[in-house]
Amino acid sequence: MLYVRNLMLSTTEAYILEVFSAYGIVERVKKIKDYAFVHFQSREEAHKAIEAVNGKGGKKGIRYL
């Protein structure tokens, strides 16, 4: 599971799912205000997402960790 913070309030769970699905199978996304939890099928996929996005700027609505 990843904790993603500093999201724009307008960012949707569907958009977060779309972005993070590029790094593995996302089982669930739960967004609460300006943060979200992204549940991957495996720990390896979550690590892949962290390595890909950590400190890389961001996509529309998502400011990476």
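What you see is a predicted model, and the numbers here were worked out from it, not measured in a lab.

1. A short note on the sheet that holds strand E3 (residues 35–40)
Argument step 1. With respect to topology, three strands assemble into an open sheet ordered E1-E3-E2, the strand pairing being antiparallel. Here the strands that pair on one side only, and so sit at the sheet edges, are strand E1 (2–5) and strand E2 (26–32). In this sheet, adjacent strand axes meet at a mean angle of 20 degrees when their direction is disregarded.

2. Side note on the packing of aromatic side chains
Argument step 1. Applying the stated criterion across every chain, the model contains five aromatic pairs.
Argument step 2. Residues Tyr35 and Phe37 carry aromatic rings whose centres are separated by 5.9 Å and whose planes lie at 90 degrees to one another, so their mutual orientation is edge-to-face.
Argument step 3. Taken together, Tyr3, Tyr35 and Phe37 form an aromatic cluster joined through their ring pairs.

3. A look at helix H1 (residues 13–20)
Argument step 1. For H1, the full list of buried residues reads Ile16, Val19 and Phe20. The buried residues of H1 occupy one face: seen down the axis, they fall within an arc of 85 degrees. Turned more than 90 degrees away from the buried face of H1, the exposed residues are Ala14 and Glu18.

4. Details of the pairing of E2
Argument step 1. Sheet topology places E2 next to E3; six bridges connect them, and they run antiparallel. Across the sheet, the residue bridging to Arg28 is His39, located in E3.
Argument step 2. The turn linking E2 back onto E3 is made up of two residues, and Lys33 within it adopts a positive phi angle of 55 degrees.

5. Topic: unusual backbone geometry
Argument step 1. Of note in this structure, Asn6 is not a glycine but carries a positive phi near 65 degrees.
Argument step 2. The phi torsion at Lys33 lies on the positive side, around 55 degrees, for a residue other than glycine.
Argument step 3. Tracing the chain through its elements places Lys33 in the loop between E2 and E3.

6. Focus on the environment of Glu45
Argument step 1. For Glu45, the position within the fold is in helix H2 (residues 43–53).
Argument step 2. The buried category is assigned to Glu45, whose relative accessible area is 17%.
Argument step 3. Along the sequence, Glu45 and Met1 sit 44 residues apart, while their C-alpha atoms lie 9.5 Å from each other.
Argument step 4. Filtering out sequence-adjacent residues up to four positions away, Glu45 remains in contact with Tyr23, Gly24, Ile25 and Phe40.

The rules behind these values
- Residues numbered from 1 in each chain as written.
- Predicted model: local features only at pLDDT ≥ 70, side-chain atom pairs only at ≥ 80, totals over all residues.
- Heavy atoms only, no water.
- Pairing = 2+ DSSP bridges.
- Helix = DSSP H or I, 4+ residues; strand = E, 2+ residues; numbered from the N terminus.
- Axes fitted to C-alpha atoms, helices over the stretch in contact; angles between N-to-C directions.
- Phe/Tyr/Trp six-rings, centres within 6.5 Å; stacked < 30°, edge-to-face > 60°.
- Buried < 20%, exposed > 50% of the residue type's maximum accessible area, 1.4 Å probe, protein only.
- Arc of directions from axis to C-beta.
- Contact = heavy atoms within 4.5 Å.

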